[in-house]
Amino acid sequence: MDSSGLYRDITDSARSAPGWVQSASEVWTEYGLLLFGLLFIAVWWRARAQAGPRAVALAVAAPLATAVAYVASELVKSAVDEERPCRAVAGAAASLVACPAPGDWSFPSNHSAIAGAAAVALALAVRRLALLTVPLAVLMAFSRVFVGVHYPHDVLAGLLLGGALAALAVPALTGPISTITTAMRASGGRAAVWFTGPDPTRRP
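Here is a short report on the structure shown in this document. (Residues numbered from 1 in each chain as written. Predicted model: local features only at pLDDT ≥ 70, side-chain atom pairs only at ≥ 80, totals over all residues. Heavy atoms only, no water.)

### Some details on the side chain of Thr66
Logical step 1: In this fold, Thr66 is placed in helix H4 (residues 53–80).
Logical step 2: Discounting residues that sit within four places of it in the chain, Thr66 has contacts with Phe40, Ile114, Ala117, Ala118 and Ala121. (Helix = DSSP H or I, 4+ residues; strand = E, 2+ residues; numbered from the N terminus. Contact = heavy atoms within 4.5 Å.)

The following block contains the structure:
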């Protein structure tokens with residue numbers, strides 16, 4: 001797939017954008033994934049207060065599924081060996097951020113795979129979060145092209161890979177984690193109860 005023409009259009013727009021837009025995109029593309037991490041923590045903390053073990057299982061499965069997506073994207077990246085567009089596309093505007101070192105391949109985008117997986121996994125845990133997480137994932141993917149370090153097809157593939165793997169991994173992990181959560185709650189151990197929330201069937 002050749003999306004170098006669209007890459008040139010987007011990076012040209014980035015270079016002509018106001019300074020605050022460039023700065024905001026640089027900060028977001030670098031640190032935006034931390035927001036998904038905070039959402040993982042918030043969803044887990046909320047799940048602890050719910051009676052059934054499924055909520056905790058979904059909250060724990062979400063970051064695990066995201067980690068699976070990251071590993072998968074790394075495996076594909078190492079197999080494809082696509083050069084970064086900031087080095088490969090002739091006549092393109094200079095990237096807003098430093099071009100990754102040679103050998104740090106372009107396809108697919110790890111940031112996009114992580115964001116896509118996190119968006120889907122969090123939405124499976126708390127459905128209404130999809131209204132927040134999906135736009136954030138798309139924004140993360142777009143920012144990787146905007147700052148000049150990925151082709152559009154890199155980020156599209158990353159989003160699809162991450163989202164698909166999360167949609168498969170979260171349901172697969174939820175059952176076993178629910179069983180473990182129930183056992184941990186029933187044990188009455190202080191650390192177990194802190195992590196999973198109290199067992200509603202046990203008397204204080």
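This is not the end of the story, as more comes after the structure.
### Remarks on helix H7 (residues 130–146)
Logical step 1: Relative to the 24 Å expected for 17 residues at 1.5 Å per residue, H7 spans 24 Å between its end C-alpha atoms, a close match to the ideal helical length.
Logical step 2: Residues of H7 that are buried: Thr133, Leu136, Ala137, Met140, Ala141, Ser143, Arg144, Val145 and Phe146.
Logical step 3: Here the buried face of H7 lies against helix H1 (4–16), helix H2 (19–31), helix H3 (33–48), helix H6 (110–125) and helix H8 (152–187).
Logical step 4: Gly148 sits one or two positions beyond H7 and adopts a positive phi of about 100 degrees. (Expected span 1.5 Å × (residues − 1). Buried < 20%, exposed > 50% of the residue type's maximum accessible area, 1.4 Å probe, protein only.)

### Here we look at the packing of H3 against H4
Logical step 1: Two numbers describe how H3 lies on H4: the axes approach to 7 Å, and their chain directions differ by 160 degrees. Considered as vectors, H3 and H4 are oriented roughly antiparallel to each other. Seen from above, H3 lies across H4 with left-handed handedness. Of H4, the residues touching H3 (which contributes Phe40, Val43, Trp44, Ala47 and Arg48) are Ala55, Val56, Ala59, Ala62, Pro63 and Thr66.
Logical step 2: Taken together, the residues of the contact of H3 with H4 break down into nine nonpolar, one polar and one charged. (Axes fitted to C-alpha atoms, helices over the stretch in contact; angles between N-to-C directions. Parallel < 35°, antiparallel > 145°, perpendicular 65-115°, else oblique. Left-handed = near helix turned anticlockwise from the far one by under 90°. Nonpolar A, V, L, I, M, F, W, Y, C, P; charged D, E, K, R; others polar.)

### Some remarks on the state of the cysteines
Logical step 1: All told, the structure shown has one disulfide when counted by the stated rule.
Logical step 2: There is a disulfide in this structure between Cys86 and Cys99, and the S-S distance comes to 2.1 Å. Residues Cys86 and Cys99 are joined by a disulfide whose S-S torsion is about 75 degrees; by sign, that bridge is right-handed. One end of the pair, Cys86, is in helix H5 (residues 85–88); the other, Cys99, is in the loop between H5 and H6, and 13 residues separate them in sequence. (Disulfide = S-S within 2.5 Å.)

### A few points about the side chain of Thr29
Logical step 1: The residue Thr29 is located in helix H2 in this model.
Logical step 2: Looking at Thr29, its side chain comes within polar contact range of the side chain of Ser143, at 3.0 Å.
Logical step 3: Dropping the residues within four chain positions of it, Thr29 is found in contact with His111, Met140, Ser143, Arg144 and Val147. (Polar contact = N/O pair within 3.5 Å; in protein donor to acceptor, adjacent residues only side chain to side chain.)

### Description of a nonpolar patch on the surface
Logical step 1: A cluster of nonpolar residues, Val27, Tyr31 and Leu34, forms a patch on the protein surface that exposes about 340 Å² of accessible area.
Logical step 2: Inspection of the secondary structure assignment puts Val27 in helix H2. (Patch = residues over 30% accessible without salt bridge, like charges linked within 9 Å, V, L, I, M, F, W, Y side chains within 5 Å. Areas by Shrake-Rupley, 256 points an atom, 1.4 Å probe, with all protein chains shown as cover. Salt bridge = Lys/Arg side-chain N within 4 Å of Asp/Glu carboxyl O.)

### Considering the pattern of salt bridges
Logical step 1: Inspection of the entire model under this criterion finds two salt bridges.
Logical step 2: A salt bridge links Glu83 to Arg87; the nearest nitrogen and oxygen atoms lie 2.9 Å apart.
Logical step 3: Among the residues examined, Glu83 registers a relative accessible area of 29% and is labelled partly exposed.
Logical step 4: Using a relative accessible area of 35% as the deciding quantity, one classes Arg87 as partly exposed.
Logical step 5: When the shortest N-O distance is used, the salt bridge between Arg84 and Asp104 registers 2.9 Å. Residue Arg84 is located in the loop between H4 and H5, and its partner Asp104 is located in the loop between H5 and H6; the two are separated by 20 residues in the primary sequence.

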